Each structure stands twice: as structure tokens, then as C-alpha cells.
Amino acid sequence: MTTPLVRIDGVKKSFGKTVALHPLHLDIAEGEFVTFLGPSGCGKSTTLRVLGGFERPDEGRVILGGQDVTHLPPEKRPVNMVFQDYALFPHMTVRQNVSFGLELKGMGRGDIVRRADEIMAFLELDRFADRYPGQLSGGQRQRVALARALAPDPALLLLDEPLGALDAKLRGQVQQELKSIQRRTQKTFFFVTHDQEEALTMSDRIVVMKDGRIEQDGTPEELYFHPASRFVAEFIGETNLLSGEMRGVEDGRVVMDWNGHVLRGRAPAGVPRTGEPITASLRLERLGFFGDRPDTANAVQARVTSKTFLGSRMAVDLEVADAAGARLRAYVDTATGQGVGDAPVWLGWDADSLAVLRT
Amino acid sequence: MTRSTRIFMSCIYWAFVLYVFVPLILMVLMGFKDSKFIGFPITSWTLDWYVGVFEDAEILSTFGYSVAIAVLSTAISVVVGTWIAVVLEGRKFWGRAAMFGMTILPALVPGIISAIAFRIYARALGIEPGMGAIVWAHAVHNVPFVVLVVMARLSTLPKSQIEAARDLGADPFVAFLRITVPYLVPAIIGASIFCLLLSFDDFVRSFFLGGYEPTLPVLIFAKLRSGMSPEINAIATVALVLTAVVGVWAERFTRRTNKEA
């Protein structure tokens, strides 16, 4: 890997007695769409504000493009931000808002007009150039905020939950737009959200935060299918959590005992010792339904207790046979779901689908 | 609410309106009476008193004097008051509550007491009674109103506005000039007009600190002593119409700009 665009080197931050960030280490490569995901108070916004220059870290350094910017105020950093409430200047037109950062960069008049025109055309705002923010819809304001932040051509763009104020329908559309804008501009996006769906759809990389620490750092697929902890497994998507006892490792697979059934799963970085309790995550759509015992790594017999129709798919709740009343939930396509009845079914899944969690 | 209480409540309201407006209406009516004596019945009408007011050089120059005092004292109050509001509304610091209390105090001190205090203080400093002293006293008295109005507006400025300006390259001073000040304009205009009216209307401070030249309220008072005459009603009516027009216009203006923002 070439030198990272951003290096967060042991940044620590407390507010009074509350520790917002434990020493945090993170590298961000140029052109990456990185999402910081977590519940409120997890430190994601503090990280963003440290990068923007709005918070001084107590310890550690922030390196941007090889330069130590830890002690630079916001106006001296090649970083721009899209605020949660957009923070558009109400007394300025769209054009004046977009030009604000360019003027302060000391650009010439002609260059400012040209650059503002360019960015407004890019975000399809040219029609609104002379309107005031008060005369725009939520989605349009969001685009103005983006245009204003992109206009000065920042090395890093910070986005602080910018979709929170939009209604659900618009949000999906804006997610696509944002992702495509990021691809076309090849800018580095640092996105902060508590919405796992936003994180999954847009990011190249997701950093899950909890209590001021990085819980897991990986691609959306890695986080979804191979969550490292119970927190990540439950925070992202829906999952079955299987608690059992560690039996050992065979052919690189963890062997666990789950209510009397022997299951094989994907091992985490640090494998627990034999006899210790362990928990594994099994995604709902990874369960296969079979008439006879399948030859998958894991197979159990179960009885359907209820079915929920969800349109394109069905959620099926099952009680596993000979497992002390243990339950599983599965997503199946509607045709399969309608096919299963009262007769016991076989459930099968491969070892990779069962992610043993770090406890 | 029952029907009878509703009727009762609206009766009280209209009684209040009558109580407020009847004296004003009587005052205006008497200004049009063609007789030297104030009182009913009015048998014939005239505009002579008004013509007299606009031809009287003393009244006109006094009016100009009052306006000049109002404008000067307002200018000082607005600059000082806005500055104090910005300091108080910014970061929390030790003694902020005490500072706020002391800032507001001049508005609460009874006029006669502050007027005497100003008079003694002015003499101790060697300030001659006259325009300078009046402007100074009015400015001090009006600062609290500016502080209150500007602080109220400032407290609604989202923090992200300043942060966004800083983020886009503005240092704190530029952010203040280009974001905070425009945001405060409606409040500053509203406060200015309020100060103009307060100063124009003030009698006690102007009386105690004035020199040989009277302000309009002081002149009216002097004229009253030589007996009531419809001329006073005419002066008062002109002043009433002017202040009402300015007040209503200011109120509408502040509301409109608030909505735009």
C-alpha cells in the first residue's frame, strides 16, 4: 500500500470524564469511501470533528497527505464538510453559498464563476443558482451542501449523517447519487452514520465503532458475513446467534457443540480454548431447506413454528429437533416458504456461513 | 368555556381597548378644535393649530434636536450593545451571569434616579449639560434593550453556521463579519428603532441633563406650564403618528426578515 491519504495516529479525546475516543489508529487510502458506523456516542462524530479541525485531540496526531494537521484550525485544512443540518447560509443564494469557499481561497472572480458553474452543473443545481436555501426542498439543499463542500476541491470530504433529514424514499435515491458522485470525482469520502443500510450500500470500507473503539474494520461483505463480534453481528443486518461450547479445531474449522449438535464454523483470529463457551452468527438467508439430510457441513432437523410473508421472500421461524428448544430464523424465497408445512425439514449450511465471534 | 364567560372575556378586552385608545382619540380630536380651550363641545373645526406647529421655528428646531439626539444615542447603543451581546452569548466564562446582570441593570433603575445619578456624575466629570450629556445618558439607558434583542437572535444562530464558514476557509473574524452579522441584521434594525423611540420619548434624562435647548418632550412640558392649548395636542398628534408609523414599519420589517432567514 502506498502512503495513506489520512493517518489517524493514536488520537485520544475526552470530554470531561467521558472518554470519546480511546487511542485510535486508522489509515485511509486516497479515493476510498470509508464509513464510520455505530450508535450515538460511539465516537464516530468525534473522529469526524477531529479530522475537520473542530476538536483538538488530547493525544496523537492527524496526518493528511503527509502533513501533520493536528493543530491546524478548520480554515487551514484541505478538508471540507457536509453538515448534518447542511448549515447553508440563509442570506446567500445557491451560487453565493457554493462560491463562499472559493472566494476565501483567494481565487479570481472569473475562476470563481467558472468553478461554481462547473460544480453546480455537475450536481444539476444550475436552475437554482439564484434561489435562497429557504426556497429549496430537502434533497436540493443536500445537493447544495455537497456542492459547496466539493467546490474548493478538498483532499478529503467529511459527511456527517447528511441523509438523516431526508425521507425514506429520497434517501435510497440519494445514496445511489452520493456513491456515483464519489466514483466520478474519485474523492476520498469519510462518511459518518448510524444507519447500517446506508453504510452497506455506499461504502468501500466500513469501520464499526463502539464506546470509542474500533469494533471491526472491513468491506461491507466482510462485516456482513464474517462479523467479528456479537455487537457487529447484531448491529448489521439480522442474524441467528448460536451459543455453545468450543470442541476444538479440525481442518481449520472450529468445531462447536450447540445443544447437542456438532457444528463447524469459520474461525475468528483468536480461537477460544476447548471447553470454553462460544457464540457464532448465522445469517438468516444462509440457511438452506432440504427434504432429506443434506451433505452440507452443518445439518439439523427442525419444525416450522411460524411463517411471515414479506413479499419477495418469507421469514420462517423454526424449532430445532433435539436441541433443548433452540430456535432459528431463516429467510427463504416465497416459493420455498410456501412449500414447507408441518412436516419436519432439514436445514443445512456450510461452515463459512457460521461465523464464530470474538467474545 | 361557556358562552357567558366568552362574552364576559371579550367585554373585558374591549373595555381595555377603550381605556387605552379613548384618551389618545380625545387628544387628537382636541387638536382640531377651533377654540383656545380644551373640552367639549367642539363647535367648529380647524387645521390652524397644525399650520402653527409647522410654522413655529422653535418647535421645528426642537424636533430636529430630538431626532439628532435619538440618532446619535442609538448609534452608540447599537454598537456597544451588539458587542456586549456577542461577548455574553459566546463561550461560557467565569462571571458571565454577573456581567449579564450588570448590563441589564440600567434598564431597571427608575428614570428619576438614573437621571439624578447622571447629573451628578456629569458635573463631577465636568461635562456641560446639553446635547452631549443627553446623548450619553440615552445611550447608556438603551444598551440593555439592544443586548437583550441581539442576544435572543444570536442564541438561535446554529453553531454549524460558523463551523461551516470556518470549514470553507474563513478565520473567526471573517466568519463573524460574513455569517454572524448578516444573521443579526433584523435584530439590530429592530433594536435600533426601539432605541430611537425610547430616546425620542424620554423626558426625565433629557430634562436633568439638558442645557438651554429643550428636547421635544421638555418643550411640551414647558408649554404645558403656561396652560393647556390645542397647539400641544397638535404637536403630540404629529409625534404620535410619526412614532406609530415607524414602530409598525419596524415591526413588519423585522418579522419579514425573520421569515426569510
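This structure is a prediction, so every number in the text was calculated from the model and none was measured.

1. Brief notes about helix α4 (residues 138-150) of chain A
(1) Moving on: For α4 of chain A, with 13 residues, the first-to-last C-alpha span of 18 Å sits near the 18 Å given by 1.5 Å per residue.
(2) Moving on: The element α4 of chain A is largely enclosed, with a buried count of 11 among its 13 residues.
(3) Moving on: Looking at α4 of chain A, one finds that the buried residues are G139, Q140, Q142, R143, V144, A145, L146, A147, R148, A149 and L150 of chain A.
(4) Moving on: Close packing links the buried residues of α4 of chain A with β6 (79-82), α2 (94-104), α3 (109-122), β7 (156-160) and α5 (168-185) of chain A together with α7 (159-167) of chain B.

2. Comments concerning the sheet that holds strand β8 (residues 188-193) of chain A
Residue and element names in this part refer to chain A.
(1) Moving on: Reading across the sheet, the 6 strands line up as β6-β7-β8-β3-β9-β10 and stay open at both edges, with mixed pairing between neighbours. The open sheet has two edge strands, β6 and β10 (213-218), and neither has a second partner. For this sheet, the mean angle separating the axes of adjacent strands, direction not counted, is 20 degrees.
(2) Moving on: For strand β9 (residues 205-210) and β10, the ladder comprises 5 bridges, and the chain directions are antiparallel. Its bridge partner being in β10, K210 is matched across the sheet by R213.

3. A look at the pattern of salt bridges
Residues and elements named next belong to chain A.
(1) Moving on: Considering all chains together, one arrives at 28 salt bridges over all chains under this definition.
(2) Moving on: Between R7 and D27 there is a salt bridge, with its nearest N and O atoms 2.7 Å apart. In this pair, R7 is assigned in strand β1 (residues 6-15) and D27 in strand β2 (residues 18-28), connecting sequence segments 20 residues apart.
(3) Moving on: Classification of D27 as partly exposed rests on a relative accessible area of 23%.
(4) Moving on: Through salt bridges that share partners, E32, R205 and D217 make up one connected network.

4. Some details on the packing of α2 of chain A against α3 of chain A
Residue and element names in this part refer to chain A.
(1) Moving on: Where α2 contacts α3, the axes come no closer than 9 Å and their chain directions differ by 125 degrees. By the criterion of interaxial angle, the relationship of α2 to α3 is oblique. Note that α2 runs across α3; the crossing there is right-handed. Of the residues in α3, those in contact with V94, R95, V98, S99, L102 and E103 of α2 are I112, V113, R115, A116, D117, I119 and M120.
(2) Moving on: Of the residues contributing to the contact of α2 with α3, the split by class is 8 nonpolar, 1 polar and 4 charged.

5. Quick look at the UniProt feature "domain: ABC transporter" (unreviewed entry) in chain A
(1) Moving on: Within the UniProt annotation, "domain: ABC transporter" (unreviewed entry) is assigned to residues 6-236 of chain A.
(2) Moving on: The span residues 6-236 of chain A shows a helical share of 36% and a strand share of 26%, and its end C-alpha atoms are spaced 26 Å apart.

6. Notes on the UniProt feature "transmembrane region" (unreviewed entry) in chain B
Residue and element names in this part refer to chain B.
(1) Moving on: In this numbering, the UniProt entry assigns the feature "transmembrane region" (unreviewed entry) to residues 12-32, 63-88, 100-121, 133-154, 175-200 and 232-250.
(2) Moving on: Taken end to end, residues 63-88 has its terminal C-alpha atoms 36 Å apart, with 100% of it in helix and 0% in strand.
(3) Moving on: Annotated as 100% helix and 0% strand, the span residues 175-200 places its first and last C-alpha atoms 35 Å apart.

7. Some points on the interface of chain B and chain A
It is common to give the size of an interface as the accessible area lost on bringing the parts into contact.
(1) Moving on: Facing 19 residues of chain B, the contacting portion of chain A comprises 22 residues.
(2) Moving on: Where chain B touches chain A, the interface holds 3 salt bridges.
(3) Moving on: The residue R178 of chain B makes a salt bridge to E103 of chain A at a minimum N-O spacing of 2.8 Å.
(4) Moving on: Here chain B is connected to chain A by 9 residue pairs in polar contact (both at pLDDT 80 or more).
(5) Moving on: Among the secondary structure elements, those contributing two or more residues to the side of chain B that touches chain A are α7 and α8 (172-201) of chain B.
(6) Moving on: Per-element tally for the side of chain B that touches chain A: the top contributor is α7 of chain B, with 8 residues.
(7) Moving on: Within the side of chain B that touches chain A, the residues separate by chemical class into 10 nonpolar, 3 polar and 6 charged.

Reading the values: rules and limits
Residues numbered from 1 in each chain as written. Chains lettered and ligands numbered in written order. Predicted model: local features only at pLDDT ≥ 70, side-chain atom pairs only at ≥ 80, totals over all residues. Heavy atoms only, no water. Helix = DSSP H or I, 4+ residues; strand = E, 2+ residues; numbered from the N terminus. Expected span 1.5 Å × (residues − 1). Buried < 20%, exposed > 50% of the residue type's maximum accessible area, 1.4 Å probe, protein only. Contact = heavy atoms within 4.5 Å. Pairing = 2+ DSSP bridges. Axes fitted to C-alpha atoms, helices over the stretch in contact; angles between N-to-C directions. Salt bridge = Lys/Arg side-chain N within 4 Å of Asp/Glu carboxyl O. Parallel < 35°, antiparallel > 145°, perpendicular 65-115°, else oblique. Left-handed = near helix turned anticlockwise from the far one by under 90°. Nonpolar A, V, L, I, M, F, W, Y, C, P; charged D, E, K, R; others polar. UniProt positions renumbered as here; feature names shortened; annotations may be inferred. Polar contact = N/O pair within 3.5 Å; in protein donor to acceptor, adjacent residues only side chain to side chain.

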